[in-house]
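So you can see what is in the structure, the chains are spelled out below.
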Amino acid sequence: PEADAFNPCEDIAGFSFLRVAIWFINILAIAGNLTVLLVFFTSRNKLMVPRFLMCHLAFADLCIGIYLMMIATVDLRTRGFYSQHAIEWQTGPGCSAAGFLSVFGGELSVYTLSTITLERWHTITNALQVERRLVLTQAASIMAAGWLICLAMGMLPLVGVSSYTKVSMCLPMDIETPLAQAFIIIILLFNVGAFIVVCVCYVLIYLAVKNPEFPRRSADTKIAKRMAVLIFTDFLCMAPISFFAISAAFKVPLITVTNSKILLVLFFPINSCANPFLYAIFTKAFRKDAYQLMSAMGCCKSKASVYRMKAHCSENTLKSNLKSKTNGSQMGMRLSAKPQQSQHLKQEGELT
């Protein structure tokens with residue numbers, strides 16, 4: 001085909017260093033998120049709201065990893081003569097499937113990240129009001145709505161609203177019609193709005209933790225310390241792409257498709273690589289579940305027993321602390337909620 005602004009005469013990756021980076025990133029994203037799903041699905045612990053949300057986040061980020069692997073595989077197969085396969089790839093089912101995974105996985109990840117942040121904020125600000133905690137059925141309803149929204153976003157380019165066939169990276173960059181232009185702008189505003197929600201919630205969490213009247217806990221302090229890292233990775237993932245994409249959506253492109261591939265390979269999957277580590281693998285709860293799984297497979301039995309002992313001691317300490325704070329007119333109310341509160345506090349401590 002004739003070369004144009006959307007399809008320059010070059011390979012999919014465009015740059016040699018991107019070809020290496022895309023393989024490193026997709027393998028890291030797939031391995032990290034598959035590990036999280038494997039450990040959570042084989043865990044013997046009760047399914048809690050945070051674990052439930054982490055599973056959705058890992059699945060969404062896994063979709064991004066699979067999308068990058070599909071792009072990297074096609075780039076490897078057509079290296080040096082992509083122009084001979086451009087029409088076959090971009091108009092075929094493979095590109096449509098890759099594009100669907102990129103939009104669906106990306107938006108579900110953003111939606112789930114916002115839900116996790118809101119749940120953390122709600123839990124911390126209502127630490128001693130167990131009846132106001134988010135329960136599993138409520139979380140399931142919220143995520144069901146998110147799945148419907150994200151599936152719709154992923155399906156629209158397949159039915160004529162924008163298109164996945166415009167560029168070799170199979171992203172919805174078609175803005176020829178007002179409807180396609182509105183679709184891209186809505187997706188970008190959705191991402192920007194989610195980032196604002198995450199930032200505001202983390203600021204509120206920080207203020208709650210620093211409040212001298214708020215019951216201090218080590219779990220809250222650890223959460224506060226990790227806020228900068230979480231917000232920074234979200235900003236790196238969303239800000240550059242949103243800025244240039246919004247300008248392009250209004251038909252004022254600031255960078256070429258060739259240069260945009262650097263953003264799409266190095267910045268777009270940042271959350272997909274970082275999330276399994278920041279939200280799961282680096283937490284006590286995940287390490288405990290991982291050692292229990294390895295113990296069931298016949299290895300790391302001593303380490304698993306150490307974690308079980310620590311969990312038992314931690315639960316007893318929390319119960320003791322709650323009992324010592326129970327006094328005056330609130331004694332009866334706090335005693336009745338004590339077992340459930342201690343369980344929630346124990347779980348929150350493990351998730352940091």
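The chain goes by Luteinizing hormone receptor in an unreviewed UniProt entry, where it is assigned to Seriola quinqueradiata. According to UniProt, the comment filed for the chain under the heading Subcellular location (unreviewed entry) is "Cell membrane".

*Asks:* It is not clear to me how the overall build of the chain should be interpreted in this structure. Could you clarify?
*Replies:* Scanning the chain from N- to C-terminus turns up 12 helices and 0 strands. Scanning the chain from its N terminus toward the C terminus, one meets helices and strands in the order α-α-α-α-α-α-α-α-α-α-α-α. The buried share of the chain, reckoned over its 352 residues, is 49%. If you take every contact in the chain between residues at least 6 apart in sequence, the share linking residues at least 24 apart comes to 77%. Only carbon and sulfur atoms are counted for the fraction: they give 69% of the accessible area of the chain, which is about 17100 Å².

*Asks:* How do you make sense of the confidence of the model for the chain when you look at a structure like this?
*Replies:* Low pLDDT means the predicted coordinates in that region are not meant to be read closely. Overall, the predicted model of the chain reaches an average pLDDT of 79, with 76% of residues at or above 70. Put simply, helix α12 (residues 331-350) is where the chain has its lowest mean pLDDT, 44, and helix α5 (residues 136-155) is where it has its highest, 94. Confidence drops under pLDDT 50 across residues 328-352; counting only partners more than four residues distant or on other chains, this segment forms 50 contacts.

*Asks:* I tried to follow α5 on my own but got confused; where do I start?
*Replies:* In an α-helix, one turn spans 3.6 residues; hence positions three or four apart end up facing the same way. When the terminal C-alpha atoms of α5 are compared, their 28 Å separation across 20 residues agrees well with the 28 Å that a helix rising 1.5 Å per residue should span. Every buried residue of α5 is listed here: Ala139, Met143, Gly146, Cys150, Met153 and Gly154. For α5, the buried positions fall inside an angular range of 90° around the axis, keeping them on one side. Turned more than 90 degrees off the buried face of α5, the exposed positions are Thr137 and Leu148. Those residues of α5 hidden inside the fold are in contact with α2 (49-77), α4 (93-125) and α6 (178-210).

*Asks:* Sorry if this is basic, but what is going on with the pattern of salt bridges here?
*Replies:* A side chain of one charge can pair with a side chain of the opposite charge if their charged atoms are brought near each other. For the structure shown, the criterion picks out 5 salt bridges. Notably, a salt bridge pairs glutamate 10 with lysine 261, separated by 3.0 Å at the nearest N-O pair. One end of the pair, glutamate 10, is in the segment before α1 (16-42); the other, lysine 261, is in helix α8 (residues 257-266), and 251 residues separate them in sequence. Given a relative accessible area of 2%, lysine 261 falls into the buried group.

*Asks:* I'm lost on the nonpolar core in this one. Help?
*Replies:* Core analysis: the biggest nonpolar cluster contains 80 residues, and Tyr67, Ile71, Trp89, Met169, Tyr279 and Phe286 have the highest contact counts within it. With 16 residues, α2 is the single largest residue contributor to this core. Once you skip the residues sitting within four places of it in the chain, phenylalanine 286 turns out to touch Thr35, Val36, Val39, Phe40, Ala280 and Ile281.

*Asks:* What is the right way to read unusual backbone geometry from this model?
*Replies:* The bulk of non-glycine residues show a negative phi, and the bulk of peptide bonds are trans. One non-glycine residue, serine 162, lies in positive phi territory at about 65°. Residue classification places serine 162 among the buried residues on the basis of a relative accessible area of 4%. Unlike most non-glycine residues, cysteine 170 shows phi in positive territory, near 60°. Summarising the element assignment, cysteine 170 is placed in the loop between α5 and α6. The exposure class of cysteine 170 is buried, given its relative accessible area of 0%.

*Asks:* So what exactly am I meant to see when it comes to the UniProt feature "transmembrane region" (unreviewed entry) in the chain here?
*Replies:* Look at the UniProt record and you will see "transmembrane region" (unreviewed entry) annotated at residues 20-41, 53-74, 94-113, 134-159, 179-207, 228-250 and 262-282. Along residues 53-74 one finds 100% helix and 0% strand; the C-alpha atoms at either end are 32 Å apart. Between the first and last C-alpha atoms of residues 262-282 the distance is 28 Å; the span itself is 81% helix and 0% strand.

Reading the values: rules and limits
Residues numbered from 1 in each chain as written. Predicted model: local features only at pLDDT ≥ 70, side-chain atom pairs only at ≥ 80, totals over all residues. Heavy atoms only, no water. UniProt positions renumbered as here; feature names shortened; annotations may be inferred. Helix = DSSP H or I, 4+ residues; strand = E, 2+ residues; numbered from the N terminus. Buried < 20%, exposed > 50% of the residue type's maximum accessible area, 1.4 Å probe, protein only. Contact = heavy atoms within 4.5 Å. Areas by Shrake-Rupley, 256 points an atom, 1.4 Å probe, with all protein chains shown as cover. pLDDT = per-residue confidence, 0-100. Expected span 1.5 Å × (residues − 1). Arc of directions from axis to C-beta. Salt bridge = Lys/Arg side-chain N within 4 Å of Asp/Glu carboxyl O. Core = buried A, V, L, I, M, F, W, Y, C linked by side-chain atoms within 4.5 Å.

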